[in-house]
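# Structural description and commentary
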Amino acid sequence: MISVQDLRVTFNGIDAVSGVTFAVAEGASFGIVGESGSGKSTVLRALVGLNNDWTGRMTIAGRALSPKRGRDFFRRVQMVFQDPYGSLHPRQTIDRALSEPLLVHGIPDIDRRIRLALSEVALPATARFRYPHQLSGGQRQRVAIARALMCEPEVLLLDEPTSALDVSVQAEVLNLLADLQDRRKLTYVMVSHNLAVVAHLCPTIGVMQAGEMVEMLSAEDLRSGHIRHKHTADLRRLSTELEEA
Amino acid sequence: MSGAVNREWLLTDAPTSRAQAAWGRRYRLWLDFRANRLAMAGLIVVLALVVCAVLAPWLAPYDPSSQDLTNRLGVPQPGHWLGTDELGRDVLSRLLFGARVTLGMVLAVVITVAPLGLAIGCIAGYFGGWIDTALMRITDVFLAFPRLILALAFVAAIRPGIPSAILAIALTTWPPYARLARAETLGFRNTDFIAAVRLTGASSSRIILRHIAPLCVGSLIVRVTLDMSSIILFAASLGFLGMGAQPPSPEWGTMIATARRFFLDQWWVPLVPGVAIFVASLAFNLLGDGLRDVLDPKQR
Amino acid sequence: MLVEIDNLNVAFPSPQGLAPAVRGVSLRLGAEKLGIVGESGSGKSLTARALLRLLPKAAVMTADRMTFDGIDILAAKERHMREIRGKRAGLILQDPKYALNPIMTAGSQIAEAVRLHKKTSRREAVQAAIDLLAQVQIRDPHRVANAYPHELSGGMGQRVMIAMMLAPNPELLIADEPTSALDASVQAEILRLMEDLVSRRGMGLMLISHDLPLVSHFCDRVAVMYAGRIVENLAAGELPRAQHPYTRGLLECLPTLSHPKARLPVMSRDPAWLT
């Protein structure tokens, strides 16, 4: 479904991403972990078209991606952002935010689709005409997920979707993402700095350090410690150290 | 639900329509504004000015241009509550009709200047690159003009009068709005919610018009109300210098100009319009301050 | 006993009356490390700030008893509070980018902190700043002292903050989410540093965080807060045997590498916890 070959992104002469290659099958989940500055979010933004200064070759559903993305692309590929407090327009009601993708693509039957979307992400109908500041962080993230799914995409790119959420809310959102993937056969690429979260949702994981993908391994290998690269081992150790308590 | 508009309907936690949510939001802003006494005072005075201006023909006891040379420079007394000027015209009536002129000028300026500045600023801020540079350099050119010199230039080119005054004021007032809108747009352009809108495949014009411009309107409104006081003062200065409203037009600045030689003995004649200018400017200032407290997102 | 709080209540005025944010919180802290854990809105930050009387003006605070080293915080005058804040009790905040003055070098900020609480010459203060930077395990203290906050990484900035707070030799350190903005590797280093400094100087540490495993790893005792109340207070080692369903919920809903779960258990919030 997704194929990235030798992706390179440069900011001001510095390589934020230098030569990343990976592939994701249809309906699968691929996780990218790394610390801040490793370039993981940059890969996602290049993939979705928010950043057009890249070289390399990327294809989605067999079609090569060019810097200019058409409306059709955005119907098939969508993204959920990290910060629930910044990803919703502060002056628009949830209803307005959810109808925007439908209006842009000319999809009819807006009212019914919005009601369906809200129930699918387990938001009460009372939230529909509220403003973002009247919702909790977890609720806002659900709205962000609902918005991404309005045009029924095939690929969902998740940029640290639960990092800004409380732990209990994180669990609900991760379960929701798993359910949605089952129901809609979505392909996920998820970026996070949290190994446990990524391993929970993604059977295949790529580890990034300083712009390079230093290792690609399965979640099982990560859990059991079958690791080749030192950085991966370091990250795993930091994570399991705290779990021993 | 009958949709009866009452306090509960406005403040409900679960609005059932976009209109209800929008009105609820406006009502909450109004409640915040109302809590500010000075701002309310400003609002009341501004509304009073507007009422005076609109109802001047019915409120004024005399025709503002009717002269009574036997009663020149009359002392304030019942009959002529604010006295008469050097041609025997009733000062109170001239004041009321002058409000029309002043507020009319201010409105004309604001209606032209604010949308223009908003458009230029948002476009420059959103697209960046050469569009931004070109628009901002044009803005700089207009910003560099000293207002008074420009007004003199118009007087030399066209007749002095209210239209030239409005033009001169408008041409020198719009640059700060463009700058303001551009600064706000730059701030919003890189937010996640604008990125999310870009990811719907929306066109740039849709993004600017429907998503970015509404966010800039708040600070623009604040700037406009604060600017009103300086526009009033500038219009009055032009009138005072003989470049704006011409006599016998009852514009407040012109009234001061023609009466200034009576300042020592019949002080009320130049002073009353001066006080009117002061009160109007102050009221707009207080109103603008109050609006800033309520609308400025950084303060909420 | 360094800190004694009995029945602390903090509330904020709202259109519906007074909204409680901290309800009946009582705790004791000696020369030990206490972790206060809670999700957003649990009142954990407010509790710490109440101790230093740094609540927002609108807040209404009451308590039966609140003392710091025997000094009655409730009755203390503002200038006595200024003696305590910074000098005897330091506060470390989450993001050094926002907590440090962007137009002063790191060294001058630490030197200022030194001179604020001790009469020293400027040169001695600068030297003291360099010493402090070395104490927080910065390898090149001279370079960091001359750097501006935006030139420092997150972890470095946090070390500078710790150095600033340690300058007057306080007895208590309150750290409000000190590592939430940092990478995992840096996080571990900073916490170990704090642990080390606190035990060497015999200080008390109040660590506020949303991260339960982290806190239990680095603290002696853990207090779990929910909706303004402390629902559980226990030794860090006893955490696996926690009793309260909220604590258990927090522990169980976390994904872990060592114990994979097909579906994360979701916490059902008992409304009884709100009373």
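In this report, the structure presented in the accompanying data block is examined.

Parameters at a glance
- Residue indices follow the written sequence of each chain, beginning from 1 at its first position.
- All chains are assigned letters beginning with A, and all ligands numbers beginning with 1, in the order in which they are written.
- Only residues with pLDDT of at least 70 are given local features in this predicted model, and only at 80 or more are side-chain atom pairs given and counted; all residues enter the totals for whole chains, interfaces and linings.
- Numbering goes from the N terminus for both helices and strands, where a helix is a DSSP run of H or I of at least four residues and a strand is a run of E of at least two.
- The reference for a compact globule is 2.2 Å times residues^0.38; the radius of gyration itself is calculated from the C-alpha atoms.
- Using C-beta atoms placed from the backbone, we call a residue buried if 20 or more other C-beta atoms fall within 10 Å of its own, exposed if 12 or fewer do, and partly exposed for counts in between.
- Simply put, an axis is a line fit to the C-alpha atoms, just over the touching stretch for a helix, and the angle between two N-to-C directions goes from 0 to 180 degrees.
- Here the angle decides the label: under 35 degrees means roughly parallel, over 145 means roughly antiparallel, 65 to 115 means roughly perpendicular, and every other value means oblique.
- In this scheme, a crossing is called left-handed if the near helix is turned counterclockwise away from the far one by less than a right angle; it is called right-handed if the turn is clockwise.
- A pair of residues counts as a contact when their C-beta atoms, built from backbone coordinates, are separated by no more than 7 Å.
- Under the grouping applied here, Gly and all other residues not named as nonpolar or charged are polar, the nonpolar ones being Ala, Val, Leu, Ile, Met, Phe, Trp, Tyr, Cys and Pro and the charged ones Asp, Glu, Lys and Arg.
- A pair of strands is labelled paired if DSSP reports no fewer than 2 bridges between them.
- The term nonpolar core means buried Ala, Val, Leu, Ile, Met, Phe, Trp, Tyr and Cys residues held together as one set by C-beta atoms within 7 Å.
- A crossover counts as right-handed when, viewed with the strands pointing away from the observer, the path leading from the first strand over the helix to the second turns clockwise.

Before going further, it helps to examine the overall build of chain A. Helix and strand counts for chain A come out as nine helices and ten strands. For 245 residues, the compact-globule formula gives about 18 Å, and the C-alpha radius of gyration of chain A, at 18 Å, lands near that figure. By its C-alpha atoms, chain A is 50 × 45 × 35 Å across when sized along the principal axes. Each of the 245 residues in chain A was classed as buried or not, and the buried ones make up 53%.

Below, the discussion takes up the packing of helix α4 (residues 106–117) of chain C against helix α5 (residues 122–135) of chain C. All names here are of chain C. At a minimum axis separation of 8 Å, α4 and α5 run at an interaxial angle of 110°. Viewed along their axes, α4 and α5 adopt a mutual orientation that is roughly perpendicular. Handedness of the crossing formed by α4 with α5: right-handed. Side by side, α4 and α5 meet where Gly107, Ile110, Ala111, Val114 and Arg115 of the first sit next to Ala125, Val126, Ala128, Ala129 and Leu132 of the second. In terms of residue class, the contact of α4 with α5 is built from eight nonpolar, one polar and one charged.

To continue, consider the interface of chain A and chain B. Residue-level contacts link 24 residues of chain A with 22 residues of chain B. The set of elements that each furnish at least two residues to the side of chain A that touches chain B consists of α2 (71–76), β6 (77–80) and α3 (94–105) of chain A. The leading source of residues in the side of chain A that touches chain B is α3 of chain A, at five residues. Looking at the side of chain A that touches chain B residue by residue, the classes come out as ten nonpolar, six polar and eight charged.

Residue and element names in this part refer to chain C. The sheet built from six strands is open, its strands ordered β7-β8-β9-β3-β10-β11 with mixed pairing. Pairing within the sheet leaves two strands with one partner each, and these edge strands are β7 (89–92) and β11 (229–235). Averaged over all pairs of adjacent strands, the angle between strand axes in this sheet comes to 15°, irrespective of strand direction. Note that strand β8 (residues 172–176) and strand β9 (residues 204–209) share five bridges and pair parallel. Directly across from Asp176, in β9, lies its bridge partner Ile208.

Before going further, it helps to examine the nonpolar core. Residues Leu157 of chain A, Ala165 of chain B together with Ile110, Ala163 and Met206 of chain C are the most contacted members of the largest nonpolar core, which totals 235 residues. The element best represented in this core is helix α5 (residues 91–127) of chain B, accounting for 19 residues. If sequence neighbours within four positions are ignored, Ala165 of chain B has contacts with Met105, Ala151, Ala235, Leu238, Met243, Gly244 and Ala245 of chain B.

Residue and element names in this part refer to chain C. When you tally the buried positions in β8, you get four out of five residues, the bulk of the element. Examined bridge by bridge, β7 and β8 share four bridges and lie parallel to one another. For Ala89, the partnering residue across the bridge sits in β8 and is Leu172. Handedness of the β8-helix α8 (residues 184–201)-β9 crossover: right-handed.

All names here are of chain A. Counting buried residues along strand β9 (residues 204–209), five of its six residues qualify, which places the element largely inside the surrounding structure. Bridge count for strand β3 (residues 29–34) against β9 is five bridges, and the pairing is parallel. Directly across from Gly34, in β9, lies its bridge partner Met208. Note that β9 and strand β10 (residues 212–218) share six bridges and pair antiparallel. Note that in β10 the partner of Val207 across the bridge is Glu215. Linking two consecutive strands that pair antiparallel, namely β9 and β10, is a turn of two residues; a positive phi of about 50° is found at Ala210 within it.

Attention now moves to the interface of chain C and chain A. In this assembly, 25 residues from chain C lie in contact with 27 residues from chain A. It is helix α9 (residues 212–218) of chain C that contributes the most residues to the side of chain C that touches chain A, four residues altogether. Looking at side-chain class alone, the side of chain C that touches chain A contains 14 nonpolar, eight polar and three charged residues.

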